[in-house]
Amino acid sequence: MNSIKIAGVILSIQSIPADDIRINATIEVDPMVINASGIRLTDGSKPVLAAINDYLKGIEYGGKFNKTKLVDAIQRVEGVLDVELGECAAKAASATEYNVIKNNNYTAVAGCFILNSLETSLTYVV
């Protein structure tokens, strides 16, 4: 970094863990494609969880988590009929509690996100 920075600029670089995100959603699915546990009948995968993780991985470093784009990513999954997004919350590595995301967007303190699947509540309705 010293060789490419502008002369006289002082850099402060930190490496901190990604912000944890918790997502609650009710997802209406076609029972001929995805069962009530969120498992695709043809291959045993969990396509909704994969779509959420892909969305989070696709957010550029320093970008924003957007609830509408999350819903769009879930709705693109084959077999998903409707999505009702519940409470979403995030927690920086230095924080002790999750903060509810009140607006549509959230910018991570660490610049990136990780889905804490133990804290995620996806309810499937057939």
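Look up a bit, the structure's there.
Residues numbered from 1 in each chain as written. Predicted model: local features only at pLDDT ≥ 70, side-chain atom pairs only at ≥ 80, totals over all residues. Heavy atoms only, no water.

Okay, the packing of helix α1 (residues 47-57) against helix α2 (residues 67-75) next. It is at 9 Å that the axes of α1 and α2 come closest, and there the two elements cross at 140°. Here α1 lies oblique to α2, going by the angle between them. Every pair of crossing elements has a handedness; the one defined by α1 and α2 is right-handed. Residues Val-48, Ala-51, Ile-52 and Tyr-55 of α1 form the contact with α2, whose participating residues are Lys-69, Leu-70, Ala-73 and Ile-74. For the contact of α1 with α2, a count of residues per class yields 7 nonpolar, no polar and 1 charged. (Axes fitted to C-alpha atoms, helices over the stretch in contact; angles between N-to-C directions. Helix = DSSP H or I, 4+ residues; strand = E, 2+ residues; numbered from the N terminus. Parallel < 35°, antiparallel > 145°, perpendicular 65-115°, else oblique. Left-handed = near helix turned anticlockwise from the far one by under 90°. Contact = heavy atoms within 4.5 Å. Nonpolar A, V, L, I, M, F, W, Y, C, P; charged D, E, K, R; others polar.)

Turning our attention to the pattern of salt bridges. When charged atoms on two side chains of opposite charge get close, those side chains can pair. Within the structure shown, the criterion is met by 2 salt bridges. Here Arg-22 and Glu-87 are joined by a salt bridge, their closest N and O atoms 3.9 Å apart. In this pair, Arg-22 is assigned in strand β1 (residues 19-29) and Glu-87 in strand β3 (residues 80-91), connecting sequence segments 65 residues apart. Look at Glu-87 and you get partly exposed, because its relative accessible area is 42%. The closest approach of N and O atoms between Arg-40 and Asp-43, which form a salt bridge, is 3.5 Å. (Salt bridge = Lys/Arg side-chain N within 4 Å of Asp/Glu carboxyl O. Buried < 20%, exposed > 50% of the residue type's maximum accessible area, 1.4 Å probe, protein only.)

Any functional reading would require information that these geometric values do not contain.
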